[in-house]
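Summary of structural features
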Amino acid sequence: MMLSIQDLKVYFFSDGRVARALDGVSYEARKGETVCLVGESGCGKTVSVLTILRILPQPPGRIMGGKVLFNGQNLLDLNEEEMQKIRGRRIAMIFQEPMTSLNPVFTIEDQIEEAILVHEKVDIEEARQRCIQLLKDVGIPSPEERLRDYPHQLSGGQRQRVMIAMALACNPEIVIADEPTTALDVTIQAQILNLFRELKQKREMSLLYITHDLGVVANIADRVYVMYAGVIAEQGEVAHIFHHPRHPYTQGLLASLPNRVKRGKTLHSIPGTVPNPAYKPEGCPFHPRCPDVIGTCRVQFPEMCDYGGGHLSRCPVLYER
Amino acid sequence: MKAYSENYFQKTGMERPLAPRETRWREGWRLLKRNRLAFAGLVIFILFFLIALAGLFLTSGTKPVFDPAVVRLEEKLRPPLSNAKLEILSSDRVPRLGLYLFGTDELGRDVFSRMLQGAWVSLTVGFVAVGIAVLIGILLGGISGYYGQNAMRADQIFLGAVLLLSGGLVLMGITFFGVVLLCVGGVLLVFFQWVKKRASKGVETAWTRFLWMRAISIDTLIMRFVDIMLCFPSFFLILTVVALLPASIYNIMIVIGLTSWMGTTRFVRAEFLSLRDQDFVTAARALGVSNWRIIFRHMIPNAIAPVLVSATISIATAILTEAGLSFLGLGVPPPHATWGNILSDGKNFIFDAPWLTFIPGVAILIVVLSFNLFGEGLRDILNPRLRERS
Amino acid sequence: MIEKNNSSDGPLLKVKGLRKHFPVRRGFLQRIKGWVKAVDGVDVDIFRGRTLGLVGESGCGKSTIGRLILKLLEPNEGKILYKGRDISGMTQNEVKPLRKEMQIIFQDPFGSLNPRMTVGQSIEEGLRTLGVKNHGERKVRVSQLLEMVGIAPEAADFYPHEFSGGQRQRIGIARALSVEPSLIVCDEPVSALDVSIQSQIINLLKELQNRLGLCYLFISHDLNVVGYMSDTVAVMYLGHIMEYAAADELYDHPLHPYTLALLSAVPSPDPDHRRAQPVLMGDVPSALNPPPGCKFQGRCPLVEDRCRRKEIEVYQVSPEHQVRCWKVA
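Figured I'd write up the structure that's included with this text. (Residues numbered from 1 in each chain as written. Chains lettered and ligands numbered in written order. Predicted model: local features only at pLDDT ≥ 70, side-chain atom pairs only at ≥ 80, totals over all residues. Heavy atoms only, no water.)

1. Comments concerning the packing of helix H4 (residues 108–119) of chain A against helix H7 (residues 156–168) of chain A
Residue and element names in this part refer to chain A.
- Orientation of H4 relative to H7, taken along the N-to-C sense of each, is 25°, at an axis distance of 8 Å. By the angle class used here, H4 and H7 are roughly parallel. Both H4 and H7 take part in a crossing whose hand is right-handed. Of the residues in H7, those touching H4 at Ile108, Gln111, Ile112 and Ala115 are Val162, Ala165 and Met166.
- Tallied by class, residues from the contact of H4 with H7 come to six nonpolar, one polar and no charged. (Axes fitted to C-alpha atoms, helices over the stretch in contact; angles between N-to-C directions. Helix = DSSP H or I, 4+ residues; strand = E, 2+ residues; numbered from the N terminus. Parallel < 35°, antiparallel > 145°, perpendicular 65-115°, else oblique. Left-handed = near helix turned anticlockwise from the far one by under 90°. Contact = heavy atoms within 4.5 Å. Nonpolar A, V, L, I, M, F, W, Y, C, P; charged D, E, K, R; others polar.)

Dropping the structure here:
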């Protein structure tokens, strides 16, 4: 097991209110695997990876329990110095906004080389060669010339490629990508997704991919975790999740995707609104919007039900049917 | 505000608001209470306001409760908290309670009464001057930000310049030239109308093309004027004007106001420029809402918060400026007391009677500090990045 | 032009040769240094009760078209015929009575409502311009409008920050409906919303269209959403409409290489259909001083010399299908 999160609880405290951002979340990424975390805004997917890297703003956030096991070691027990050695070197992160994640006053070369030099003792010339190779790997044309460019001279897609190159700089064992294509156009998104697929094959790294776009998930994931309101609603192989969803939320999401074949028919929709983490409903957090709700859903927090083959769903109602 | 039960919205099956009710005021109050320095600033500010108001009533009138003008040469430079020598004072010159709370000055006047009187001066100067500055700032900044990109035609600029100049001359008392220039402006107005009418029939010459040249945008015009105004060190500008005008409290207020509007103008302009591109303003335009309604109903309420912040801090500056002017003897004329001239009078006796400089100095310090703290706290509270969005 | 049989009196809105070029100013004197050709000769028709989908990547000029039609921007060239009247040259005063005929819904639900006004006051702004003077009558209309978009009428007294994104979008729709328009420009109305909320808003828009006979100009970058919403689809690239066809025709028989690339780039929510075909290379070029010839030449797999020489005209391949590419026509 490369990365495993166990029963992680992260609460946010502000003005006497408690927002339970993560309410006992467990997921894992194995070696060489692409795992997708999918969910809507505020479901806790970003909070969970910030916790893994220990860059969660504290306060207002506070880790209330659980473990983050990376190759058997609990990252939550490490001190800042030890964490520094893992961050960037063994676990790398790619953010959504390539525009703001790159420092505008340094060249591409400076930024990628810094990522290398912080963690490894190599001389400048070697770092430079690695830098060129990385840019080649992420598909930037004529990388020798791009080295002296500043971020504003690149397009959005190229910036995201540079971000990926930076993340790969120290051959991390796992890359965490937080909505890396959301800000990009469809044709550029397709390029980046292809790039991720290629890189994963070449480098045998694990990829933890966070997105809200089910199309992207279907295209890139090996396994999927569907999150809702700070809990995992359903998890399983990508084919299981898309072909036999076992949670009313997953079913609703898939049914509500528009496409032109459905034109003329009313689109399925999940009623209501995503709950505010500070005012989550009792029992199953999805029950106010659920079509299959029964009495116990309103009072009792549901357990995971096993459908075999690693397919789990947090809905006993559908399980018993 | 009516309170709606949670159940109501669920029963109707309709969408209900997400967050529980909290008005902006209540939210602001909560954030303010958390920011202790700002809260302290607000408390001092309210105290100062009450004291100044009390000072106005207690020190004015024919028989004031605290008379700042009574001269008791036999009791000069008494230290604070000393008792009046009742045996040598005639009964109408005995201070209230028979006590000099803050001591007396070189003429034996009660410093406490004088401080009370001066508090009101400081308060009004601060508020009126900043009020003038903010009004000018909102007007010019608003025009600049909302209409700014529209270019002005050469004839409009020319006409505007002539009319402004004539108005200025009349105000400065050079009536004859002013009126003559005003008449010239009137003639020009008629002339330009006539040219326009003729040109609309298709007569276009190099001359009309010159007249209608899109010379400069309103925005550029106003902002360059702001730049020019900022070139003058404002204190010396005020000194010059005060030297020309008869010294009175009203002139001081107006002059300080007229020389400190530039910051607000820039502020309001920047706010308006960003608000203009916001979707809700576009929506209002698409709905056909009139320009003035967009400005007053949609833009100013959203732009006013940062203006209030800078205004609060400007009040502190205005109070300081007034004190400085009084200290230099160019402020409110004696015998009316202000904190600045108490300080100024006291400096000659700084070793014999340190309280004469110490008391007004500390008062100015506390008031200015409280305004600044409150202003900065207000900025934090109103900063949308610090408050959660949803 | 594409004709629809069921609309007897021609298109509600006809756009002809529309151009909007923004000057790029630089330097101390703000001299014009170049032009961004945001919209560069666009012809489209919008019919009563129908939806025209406008799809394209960021910076292709699709939002600019929406704003030009609403007269929020002045076009440099071209005609906008609303019910047969050309509104492109009208002054703001002349266009005022037409304001209530055309409305807009925005992408960002956080910026589209005035944070200092209650929801009710925001909607009332429209009723005022409609000429509803009576205060009580306005209140009643606000309640009706809110109910129409699925918001409890009591919500009128609340401020925008008290609502979720989807709810705010509904309120924005209610505001647009307040003046009883016939055409609504929907500028990416669901792009900023969560997946589960998107379908609610899409259904609401469809339902309102059926109930009120509205006509939509639906602007989006999402081909799935556009495919669901629209009767006719126009694909834009750098200010040009590359392909313009009835929706089914466009999705079943795409002709233009750009449309093909766009369709193949959309990830399908089915793990069995993972994309294997090559994706379009390169980035969207900037609309600042584009080269002569076809706008798509830099990324086109079929590019030839002729594409670089002169501007490509529009070819009518079938009554319901136009394409701006000489090779596939």
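That covers the picture; the talk isn't over yet.
2. Description of a nonpolar patch on the surface
Residues and elements named next belong to chain B.
- Together, Met172, Ile174, Phe176, Phe177, Val180 and Val184 make up an exposed nonpolar region whose accessible area comes to about 630 Å².
- Mapped onto the elements, valine 184 comes out in helix H6 (residues 175–200).
- Take valine 184: its relative accessible area is 38%, and that puts it in the partly exposed class. (Patch = residues over 30% accessible without salt bridge, like charges linked within 9 Å, V, L, I, M, F, W, Y side chains within 5 Å. Areas by Shrake-Rupley, 256 points an atom, 1.4 Å probe, with all protein chains shown as cover. Salt bridge = Lys/Arg side-chain N within 4 Å of Asp/Glu carboxyl O. Buried < 20%, exposed > 50% of the residue type's maximum accessible area, 1.4 Å probe, protein only.)

3. What to know about the sheet that holds strand E5 (residues 73–74) of chain A
Residue and element names in this part refer to chain A.
- Strand order in this open sheet of four strands is E2-E1-E4-E5, and the pairing throughout is antiparallel. Strands at the two margins of the open sheet, each flanked by one partner only, are strand E2 (17–29) and E5.
- As defined by bridge partners, strand E1 (residues 3–14) adjoins strand E4 (residues 61–70) across eight bridges and the pair is classed as antiparallel. Opposite valine 10, over in E4, you have isoleucine 63 as the bridge partner.
- Where helix H1 (residues 45–52) meets the sheet, it contacts E1, E2 and E4, and its direction lies at approximately 70° from that of E2. (Pairing = 2+ DSSP bridges.)

4. Comments concerning the nonpolar core
- Residues Ile173(C) and Leu177(C) are the most contacted members of the largest nonpolar core, which totals 66 residues.
- When neighbours within four sequence positions are excluded, Leu177(C) is seen to be in contact with Leu145(C), Met148(C), Val149(C), Ile184(C), Leu208(C), Leu212(C) and Leu214(C). (Core = buried A, V, L, I, M, F, W, Y, C linked by side-chain atoms within 4.5 Å.)

5. Digging into the sheet that holds strand E10 (residues 240–246) of chain C
Residues and elements named next belong to chain C.
- Taken in spatial order, the eight strands of this open sheet run E6-E7-E8-E3-E9-E10-E12-E11, and their pairing is mixed. Single-partner strands in this sheet number two, and they are strand E6 (102–105) and strand E11 (315–318). For this sheet the average axis-to-axis angle between neighbouring strands, irrespective of direction, equals 20°.
- Where helix H5 (residues 165–177) meets the sheet, it contacts E6 and strand E7 (183–187), and its direction lies at approximately 170° from that of E6.
- The sheet strands contacting helix H6 (residues 195–212) are strand E3 (51–55), E6 and strand E8 (215–220), and the helix crosses E8 at an angle near 160°.

6. Brief notes about the environment of Leu260(C)
Residue and element names in this part refer to chain C.
- With respect to the element layout, leucine 260 can be found in helix H9 (residues 257–265).
- A residue is classified by how much of its surface remains accessible, and leucine 260, at 42% relative accessible area, is partly exposed.
- In the structure, leucine 260 is positioned 123 residues away from glutamate 137 in sequence and 52 Å away in space, judged by C-alpha atoms.
- Discounting residues that sit within four places of it in the chain, leucine 260 has contacts with Pro254 and Leu255.

All quantities given are derived from atomic positions and should not be read as evidence of function.
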